[in-house]
Each structure stands twice: as C-alpha cells, then as structure tokens.
Amino acid sequence: GLANYLSVLSSETWWQSMFNTLVITLGSVSVELVLGLAFALVMHRSLIGRRWVRTSLLIPYGIITVVAAMSWRFAFDPTTGFVNALLGLEQAWLTERGSALFVIVFTEVWKTTPFMALLLMAGLTLVPEDLLRAARVDGASALQRLFRITLPVMKPAILVALLFRTLDAFRIFDTVFVQTRGAQSTESVSIVGYHTLITRLNLGLGSAVSVLIFACVVIIALLFLKGFGTALTRGEGER
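## Digging into helix α8 (residues 142–170)
(1) Moving on: In this model, α8 (29 residues) spans only 34 Å end to end at C-alpha, well below the 42 Å of a helix rising 1.5 Å per residue.
(2) Moving on: Bending of α8 peaks at approximately 60° at the position of lysine 155, with proline proline 156 no more than four residues after it.

## Here we look at the pattern of salt bridges
(1) Moving on: A complete count under the given rule lists five salt bridges for this structure.
(2) Moving on: Note that arginine 165 and glutamate 32 form a salt bridge whose closest N and O atoms lie 2.6 Å from each other. Pair noted here: arginine 165 is in helix α8 and glutamate 32 is in helix α2 (residues 12–45), with a separation of 133 residues, a long-range link.
(3) Moving on: Judged by its relative accessible area of 0%, glutamate 32 is buried.
(4) Moving on: The salt bridge partner of arginine 133 is aspartate 130, with a shortest N-O separation of 2.9 Å. On the criterion of helical spacing, the pair formed by arginine 133 and aspartate 130 is a turn pair, its members being three residues apart in helix α7 (residues 129–137).
(5) Moving on: Assessed through its relative accessible area of 46%, arginine 133 is described here as partly exposed.
(6) Moving on: What emerges from the salt-bridge pattern is a single network uniting Glu32, Glu108, Arg165, Asp168 and Arg171.

Conventions and cut-offs
- Residues numbered from 1 in each chain as written.
- Predicted model: local features only at pLDDT ≥ 70, side-chain atom pairs only at ≥ 80, totals over all residues.
- Heavy atoms only, no water.
- Helix = DSSP H or I, 4+ residues; strand = E, 2+ residues; numbered from the N terminus.
- Expected span 1.5 Å × (residues − 1).
- Bend = angle between axes of the 7 residues up to and from the residue.
- Salt bridge = Lys/Arg side-chain N within 4 Å of Asp/Glu carboxyl O.
- Buried < 20%, exposed > 50% of the residue type's maximum accessible area, 1.4 Å probe, protein only.

Put into structure tokens, the structure is as follows:
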C-alpha cells in the first residue's frame, strides 16, 4: 500500500539514484543538443559527399546500446583501454563515482547524439530559405541568422527532440548496468527498481519504485507538451 511509497520516498538510496539520474539526463541531453545541432547543420548544408557524411554520423546510433556501453567500458579500462594511453593518465575511471558518471554520460552522448541530429535536421527543413537569403542580403551574420531565424523557427522540433531524449535518458538502464551495475553510488532509478524488484524480489517496494518512475516520466512529458503548445501558439501569433 502507501507504506511502500513512503518507504521509497524516505530512502536515501532513492534520492541518491534520482540525483544520479538527473545528472546523467541533464548532462547528456544538453551536450547532445549542442552537438546534434552542429551535426544537423553540417548534414543539412554539406554539398560534397552529403550521403557519406550523414551515414558516418549515424553509425553510432545503429550500434546496440549494450555493445556501445561494453566497448567504452573496455576503452576506459586502466589496463586494456586506450583512453588513458591517449591522454597520458593512470585513471581508474569506473572505480570512482564522479569519473564513472562521466563515462556513462560520455557513452550516452556518443551513442545518441546522431538521433538528436536526425530530429534536428528534420526541423531544419522548416526554415524558409527565402527568409535566410533576405537576412543575408540585409547584412545579418551567420550567428544572427542562427539565433534570430533558424532556432526560433525550429523551436517545436527542438522541443520534440528534447522530449524524446529526456524521457529516454531518464529511464537509462543498459549503460549503467553494463559499466558499473550501480556500484560506486552510480545507481539510476531504473537500476534501483531492477535491484529491488528482480534481484531482491521485493514486489511491494519494486512496484512502488516502478510507479514513481512512471509518474516522473509523465510529469516530464507534461512539462514538455506544455512548452510545445506555447511554442506553437507563439509561432501562429507571429505569423
């Protein structure tokens, strides 16, 4: 009953995992938005080898998440990985909480930035070329055209891309499970739900954790949908 929810919400483990999940979500999605927009502009504007550019940038997204997580786990390994050798370090990345979270975020960014770029590239098709040409004739710089024309027109597409990626990142499980299994206090809310429900077979607390995760996902979706509706209203008003 409600005692299970009170037990979960009063648990330090739950709030620690919630903090980790928010760090991973905000860190990965914010970096993916910037890199995804840059890649989308490259794929949209490239004139030479456009097909090869798009294919090469989308390769990471086609790799299974578990395979990508395991690959980067070995890459950051202090004995067999190439990252320490490349940077000249002797860092045991997955044995400390801060560096382990960095590896998780890095893996997520590498894996799903192409997905963000794909959605944003679709949004770039909404930007009228005549408007960009007129702004160029009026003397607007590339940055002015980006921030005054391209991004405002793309706002609905950006919100949709952020919605999809935020919901996906908040439910992160595969990468954390493969790379740390929640050790070093790196558990996400999904890992907590897995350990509670599957490993410990505590059906009451595990179900409460699952319902709370679902409630968080609904809240995030409602916030983005509200912002999406506001963006559409403003766009129609400007027209």
